[in-house]
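# A structural walkthrough
Chain by chain, the residues:
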Amino acid sequence: MSLLSGAAVAQAPLAARSPDGLAYRAQPLTTEIYFADPSAHVFDGRVYVYGSHDVEGPQADDQPGKGFVMNDYRVLSMASIGGPVVVHPAAFALADVPWANRQLWAPDVARRHGRYFFYFPAKDAAGVFRLGVATGDRAEGPFKPEPEPIPGAYSIDPSVFIDDDDQAYLYFGGIHGGQLQRWASGQYEPQAGDTDLKQPDAPALSPKVARLSADMLTLAEPARDAVIVDEAGKPLVGGDLDRRFFEAAWMHKRNGLYYLSYSTGETHYIAYATATSPTGPFTYRGHVLLPVQGWTTHHSIVEVEGRWRLFYHDTQASSRTHLRSAKVVDLTHNPDGTIQLIDPFIRQP
Ligand code: FUB
């Protein structure tokens, strides 16, 4: 499959080294389009990667995230890691979503009973980020969006985890441009602004989690906080920028332990915390990924062909914040359950 008209293409030769002169640990899965926020899954033995289809946008920074103006979704797939990557045609477009006005940001997909459920954020006509779901019969799409956003779901970066008992959970939220701070009271309050709650010594905002209904289309309960605590059991505070949650929540389970990983935003780490329940509380454990090239960092962790992998993105192909490319590297769990830190660059001594 190839490029549809209107998509942005990486025109320049791929940089061999970062602006700091470092070698990249991995190369883009594709340079046919810009593709970020990779959420990977294995369906029937094939790897599918769902993400944001980055395109040129305004560079104005009067609102955080304003330049991320994506207006359709594309899907990548491959038979195996390292093999040829298929760039599928648009899975659906902004114009197909009756309630959405702009900014199709980071999505995720789940499969249940042979149907595929594509969860995504977008701003409505009032500029409020809502979460929607679209359904389809094939992993690569097309998907048909539901006419209304999911009641009780808001902000950005939905991701779905289906536990061994078949219960599905929706995680979501992101602060600053993702607007989670505007929902701190449970109601949407635009006066909360574009940053966080400016409470560096108070508990940080948490990602949200809720059980999904059996039909996967609604929340089965009000969303609650997936609280992240330190080793003493105290919630991480808003000023703990190296550790606290910013956006990009992702869940994986290994040996009965639930791993919540996420971006720390302005400190540019992927961090993780673990729990014995999918809803937490989660104890902070460390960083998974050091800062990549580019402001944003967003990932997924998935077992493929018996090996754990980290999918992530950077700006190697463009050197521009809003034009990102997805990559994949191996991820290793230590015998004690901790995750070995990954450096997106190869640093020679
Ligand atoms: O791609 C738009 C936004 O950038 C995502 O929703 C965030 O996670 C960040 O990667």
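Residues numbered from 1 in each chain as written. Predicted model: local features only at pLDDT ≥ 70, side-chain atom pairs only at ≥ 80, totals over all residues. Heavy atoms only, no water.

## A look at the overall build of the chain
The line we're drawing: Helix and strand assignments follow DSSP, with helices taken as H or I runs no shorter than four residues and strands as E runs no shorter than two, numbered in order from the N terminus. The rule is simple: take the accessible area with a 1.4 Å probe, protein chains only, and divide by the maximum for that residue type; under 20% is buried, over 50% is exposed, in between is partly exposed. Residues are treated as being in contact if the distance between any of their heavy atoms lies within 4.5 Å. To measure how exposed things are, a 1.4 Å probe is used in the Shrake-Rupley method; for residues, cover is taken only from the protein chains shown. When charges are tallied, Lys and Arg are placed among the positive residues and Asp and Glu among the negative ones, while His and the ends of the chain are skipped. Charged side chains are reduced to one point each, which is NZ for Lys, CZ for Arg, CG for Asp and CD for Glu.
Counting secondary structure elements, the chain contains zero helices and 24 strands. For the chain, the C-alpha atoms occupy an extent of roughly 55 × 45 × 45 Å along the three principal directions. By the burial criterion, 58% of the 349 residues in the chain qualify as buried. Expressed as a percentage of contacts within the chain between residues at least 6 apart in sequence, the contacts between residues at least 24 apart total 54%. Only carbon and sulfur atoms are counted for the fraction: they give 50% of the accessible area of the chain, which is about 13900 Å². Each charge class in the chain can be summarised by its mean position, and for the 30 positive and 40 negative side chains these summaries are 2 Å apart.

## Overview of the site of the ligand
Stated formally: Any residue with a heavy atom lying within 4 Å of a molecule or strand is counted as near it. Counted as a polar contact is a pair of N or O atoms within 3.5 Å, where, for protein atoms, one must be capable of donating a hydrogen and the other of accepting one, and residues adjacent in sequence contribute only when both atoms are in side chains. Amino acid classes used here: Ala, Val, Leu, Ile, Met, Phe, Trp, Tyr, Cys and Pro are nonpolar; Asp, Glu, Lys and Arg are charged; the rest, including Gly, are polar.
Taken together, Asp-37, Ser-52, Met-70, Trp-105, Ala-106, Asp-157, Glu-247, Thr-296, His-298, His-313 and Arg-324 are the residues near the ligand. Asp-37 places a side-chain nitrogen or oxygen 2.5 Å from an oxygen atom of the ligand. Arg-324 places a side-chain nitrogen or oxygen 2.7 Å from an oxygen atom of the ligand. When its residues are assigned to classes, the shell around the ligand shows three nonpolar, four polar and four charged.

## A look at the sheet that holds strand β13 (residues 168–172)
Rules: Paired strands are those between which DSSP finds at least two bridges.
The antiparallel open sheet is built from four strands, whose spatial order is β12-β13-β14-β15. Bordering the open sheet on either side are β12 (159–162) and β15 (224–225), each of which pairs with just one other strand. Strand direction decides the pairing type here: β12 and β13, joined by four bridges, are antiparallel. By the bridge assignment for β13, Ile-162 is matched with Ala-168.

## Some details on the packing of aromatic side chains
Note the threshold: Any Phe, Tyr or Trp ring, taking Trp's six-membered ring, that has another such ring centre within 6.5 Å forms a pair; planes under 30 degrees apart are called stacked, those over 60 apart edge-to-face, and the others tilted. Here, a charge over a ring means that NZ of Lys or CZ of Arg falls within 6 Å of the ring centre while also lying within 35 degrees of the ring normal.
If you walk through the whole model with that rule in mind, you get 21 aromatic pairs. Pairing Phe-92 with Phe-118 gives two aromatic rings, centres 5.0 Å apart and planes at 80°, and the pair type is edge-to-face. Taken together, the residues Phe-92 in strand β7 (residues 92–93) and Phe-118 in strand β9 (residues 115–123) connect sequence positions 26 residues apart. Its relative accessible area of 3% is what places Phe-92 among the buried residues. Phe-118 sits in the buried class, given a relative accessible area of 0%. A connected cluster of aromatic rings, assembled from ring pairs, spans Tyr-50, Tyr-73, Phe-92, Trp-99, Phe-118, Phe-120 and Phe-143. A cation over an aromatic ring shows up here: Arg-243 above the ring of Tyr-284, its NZ or CZ 5.2 Å from the ring centre.

## Details of the sheet that holds strand β5 (residues 75–78)
Formally: Lines are fitted to the C-alpha atoms to define the axes, a helix being fitted only along its stretch in contact, and any angle between axes, read from their N-to-C directions, falls within 0 to 180 degrees.
Strand order in the open sheet made by the four strands is β2-β3-β5-β6, with antiparallel pairing throughout. If you trace the sheet from one side to the other, it starts and ends with β2 (34–43) and β6 (85–87), each paired once. When strand polarity is set aside, the average angle formed by the axes of neighbouring strands in this sheet is 25°. In terms of strand pairing, strand β3 (residues 46–54) meets β5 through four bridges, oriented antiparallel. Residue pairing across strands places Tyr-48 opposite Ser-77, the latter belonging to β5.

## Re the side chain of Thr-30
Summarising the element assignment, Thr-30 is placed in the loop between β1 (23–24) and β2. Look at Thr-30 and you get buried, because its relative accessible area is 11%. Looking at Thr-30, its side chain comes within polar contact range of the main-chain nitrogen of Glu-32, at 2.9 Å. Once residues within four sequence positions are removed from consideration, Thr-30 is found in contact with Leu-76, Val-87 and Ser-325.

## Looking at the environment of Thr-321
Tracing the backbone shows Thr-321 in the loop between β22 (307–314) and β23 (325–330). Considered as a pair, Thr-321 and Arg-25 are 296 residues apart in the sequence and their alpha carbons are 19 Å apart. Filtering out sequence-adjacent residues up to four positions away, Thr-321 remains in contact with Phe-68, Trp-295 and Thr-315.

## Digging into the side chain of Thr-264
Here Thr-264 is to be found in the loop between β18 (257–263) and β19 (270–275). Reaching out from Thr-264, the side chain makes a polar contact with the side chain of Thr-267 at a distance of 2.6 Å. Those residues within four positions of Thr-264 in sequence are excluded, and the remaining contacts are Leu-241, Asp-242, Arg-243, Arg-244, Phe-246, Tyr-269 and Ala-271.

## Digging into the pairing of strand β14 (residues 208–211)
For β13 and β14, the ladder comprises four bridges, and the chain directions are antiparallel. Pairing of Phe-172 across the sheet is with Lys-208, part of β14. Relative to β15, β14 runs antiparallel, the two being bridged by two bridges. Within the sheet, the bridge partner assigned to Lys-208 lies in β15 and is Asp-225.

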